[in-house]
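# Summary of the model geometry
Below, each chain spelled out in residue letters.
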Amino acid sequence: MTTQTSVSQGQRSSSPSFRFSYLKSNKMPLQKWLLSILKGAGLIWIGLLSAIEPAAAHHTLAGKMPSNFFEGFLSGLAHPVVGLDHLAFIVAVGLLSASQPRGILISVVFLLTALTGTGVHLLNSDLPGAEIVISISVLALGLMLVVGKQASFNVLAGLAGLAGLFHGYAYGETIVGAEMTPLVAYLAGFTVIQYAVAMLAVGAGSLVFRASRSPLSLMRMGGCVISVIGTTFLLRTISH
Ligand SMILES: [Zn+2]
């Protein structure tokens, strides 16, 4: 006699916090598959970390000022990804907000304050210690992931918003003095890519919580990598 195991139908929980329809079905091989891709991506990231010299400038055009729309947009797309400190921070924000209702808003707060921070730079105002604050922001969020304690929406949004000012200020470095067209394209470029990275991280975080048997240890691993990046940048900034 065999016991029939059937996929239960009535369990389609419609948690409002997750808009990823592929995640709404029950545990599927696809999720396992995505999870292993995620682990692979994490390892590649660690590999990149050791390969890329952190001191590499966050400029894509070898320090040349973007002079047209295309160059501005490309440079904007590249900066938050080539700059591992920015990338690590955005991934951390996404992972930390993955389990939050309306967590996407936290990333949006970051996007807006990053634009404001660039504006501050373009107005030639000084934001002292931006590099140190950025490194500390990466380390802090990495440690939050390691500790695994859920921070409130307001705390996360506040931290992301404050840090966004400094990340944005650093983005301004690449574009200050450029013409209006490449400048606007640059702002659009880094906003688009930050949004994409944040959404990917939120999706990855949601996937980990839903498909992994040990979501906290995976989050902790991510937090470790992010903390190492934060520490590396912090030490580099202090030693300069
Ligand atoms: Zn940078």
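Residues numbered from 1 in each chain as written. Predicted model: local features only at pLDDT ≥ 70, side-chain atom pairs only at ≥ 80, totals over all residues.

### Details of helix α2 (residues 69–82)
Keep this limit in mind: The helix count covers DSSP runs of H or I at least four residues long, the strand count covers runs of E at least two residues long, and both are numbered beginning at the N terminus. The span you would expect from a helix comes to 1.5 Å times its residue count less one. Residues are called buried when their C-beta atom has 20 or more other C-beta atoms within 10 Å, exposed when it has 12 or fewer, and partly exposed otherwise; all C-beta atoms are positioned from the backbone. The contact criterion used here is simple: two residues whose C-beta atoms, placed from the backbone, lie within 7 Å are in contact.
Taking 1.5 Å of rise per residue, 14 residues should cover 20 Å, and α2 covers 20 Å from first to last C-alpha, within 8% of that figure. Of all the residues in α2, the buried ones are E71, G72, F73, S75, G76, L77, H79 and P80. For α2, the elements touching its buried residues are α3 (84–97), α6 (153–175) and α7 (180–211).

### Concerning the nonpolar core
How we decide: For this analysis, nonpolar core means a set of buried Ala, Val, Leu, Ile, Met, Phe, Trp, Tyr and Cys residues linked through C-beta atoms within 7 Å.
One finds A88, V91, A92, V93, V138 and L141 to be the most contacted residues of the largest nonpolar core, which totals 54 residues. The set of elements that each furnish at least two residues to this core consists of α2, α3, α4 (104–122), α5 (130–147), α6, α7 and α8 (215–239). Looking at which element gives the most residues to this core, the answer is α7, with 13 residues.

### With respect to the packing of α5 against α6
So the rule is basically this: All axes are obtained by fitting lines to C-alpha atoms, using only the stretch in contact for helices, and the reported angles, taken between N-to-C directions, cover 0 to 180 degrees. Here the angle decides the label: under 35 degrees means roughly parallel, over 145 means roughly antiparallel, 65 to 115 means roughly perpendicular, and every other value means oblique. Two helices crossing with the near one rotated counterclockwise from the far one by less than a right angle form a left-handed crossing, whereas a clockwise rotation gives a right-handed crossing.
Following both chains from N to C, one finds α5 and α6 inclined at 130°, their axes separated by 9 Å at the closest point. Classed by the angle they form, the pair α5 and α6 counts as oblique. The crossing of α5 and α6 is left-handed. Between α5, through A130, V133, I134 and S137, and α6, the contact on the second element is made entirely by A163, F166, H167, Y169 and A170.

### So, the confidence of the model for the protein
Under the convention used in this document: Per residue, pLDDT measures the predictor's confidence, with a range of 0 to 100.
Overall, the prediction assigns the protein a mean pLDDT of 84, with 81% of residues at 70 or greater. Scored below 50 in pLDDT, residues 1–25 makes 15 contacts in the model with residues more than four places away or belonging to other chains.

### Notes on the environment of G94
Tracing the sequence through the fold places G94 in helix α3. In this structure the C-alpha to C-alpha distance between G94 and A201, which are 107 residues apart in sequence, comes to 4.7 Å. Beyond its immediate stretch of four places on either side in the chain, G94 contacts S107, A198, L200, A201, V202 and G205.

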